Amino acid sequence: MASPDGRYRATQKADDDTERTEIADASGRRLSVGEVARLWRDDAAFAAWFQTLLAGAPFDAYFWETPPVDAETYATRPYEHRCVRNRWGFRAADGADFAEHLAPACARGEKCAAFPNLGRDAMLVAPCDLSPARVGPVG
């Protein structure tokens, strides 16, 4: 699936429980994790197109997973993600769940907050609601 401006292309492969997505530029060169992260931050058209990829996943509920990266692999590891079917669904979002992490970032006008998970072995990234009517945690 090509982005509306034709600068990027997503290649997706799916089975009954997983959809794998890779992203490349118009020449076919796969983008790195770092490039995709910068585009999420700096290119509203790319971010909107990426959201349509996630919204188009063939599952009612899914886990969005990416391979791990660190400071050494961030710029070189080719980007990919998997949408893994969640047959049990999710409970409704509640903005209070991450308020202690989101409130300070959202009050500063940031688009998201990053903080360690409870096991402290991964980072969570959660968006702020930046709509004009409300600025704060999504939920």
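Residues numbered from 1 in each chain as written. Predicted model: local features only at pLDDT ≥ 70, side-chain atom pairs only at ≥ 80, totals over all residues. Heavy atoms only, no water.

K.L.:
What exactly am I supposed to notice about the overall build of the protein here?
P.N.:
Secondary structure assignment for the protein yields 3 helices and 7 strands. Order of helices (α) and strands (β) in the protein, N terminus to C terminus: β-β-α-α-β-β-α-β-β-β. Whereas a compact globule of 139 residues would reach a radius of gyration of roughly 14 Å, the protein reaches 16 Å, a difference of no more than 12%. By principal-axis analysis of the C-alpha atoms, the protein measures approximately 40 × 35 × 35 Å. Within the protein, contacts between residues separated by at least 24 positions form 48% of all contacts whose residues are at least 6 apart in sequence. Surface summary for the protein: the accessible area is close to 9,100 Å², and the carbon and sulfur share equals 55%. (Helix = DSSP H or I, 4+ residues; strand = E, 2+ residues; numbered from the N terminus. Rg over C-alpha atoms; globule rule 2.2 N^0.38 Å. Contact = heavy atoms within 4.5 Å. Areas by Shrake-Rupley, 256 points an atom, 1.4 Å probe, with all protein chains shown as cover.)

K.L.:
Teacher, can you tell me more about the nonpolar core here?
P.N.:
Nonpolar side chains in soluble globular proteins generally cluster together in the buried interior. Ile 23, Phe 46, Trp 49 and Phe 50 are the most contacted members of the largest nonpolar core, which has 16 residues in total. Those elements giving two or more residues to this core turn out to be strand E1 (8-14), helix H1 (33-42) and helix H2 (44-55). Here the element with the most residues in this core is H2; it accounts for 5 residues. Once you skip the residues sitting within four places of it in the chain, Ile 23 turns out to touch Arg 9, Arg 29, Arg 30, Leu 31, Phe 46, Trp 49, Phe 50, Leu 53 and Tyr 79. Counting residues in each nonpolar core, the second largest holds 7 residues, with Leu 102, Ala 105, Cys 106 and Cys 128 among its members. (Core = buried A, V, L, I, M, F, W, Y, C linked by side-chain atoms within 4.5 Å. Buried < 20%, exposed > 50% of the residue type's maximum accessible area, 1.4 Å probe, protein only.)

K.L.:
I'm lost on the pattern of salt bridges in this one. Help?
P.N.:
Side chains bearing opposite charge may pair, as long as their charged atoms lie close to each other. One pass over the full model with this rule turns up 14 salt bridges. A salt bridge links Arg 30 to Glu 22; the shortest N-O distance between them is 3.5 Å. Shared partners join several salt bridges into a network, and the residues in it are Arg 20, Glu 22, Arg 30, Glu 80 and Arg 82. (Salt bridge = Lys/Arg side-chain N within 4 Å of Asp/Glu carboxyl O.)

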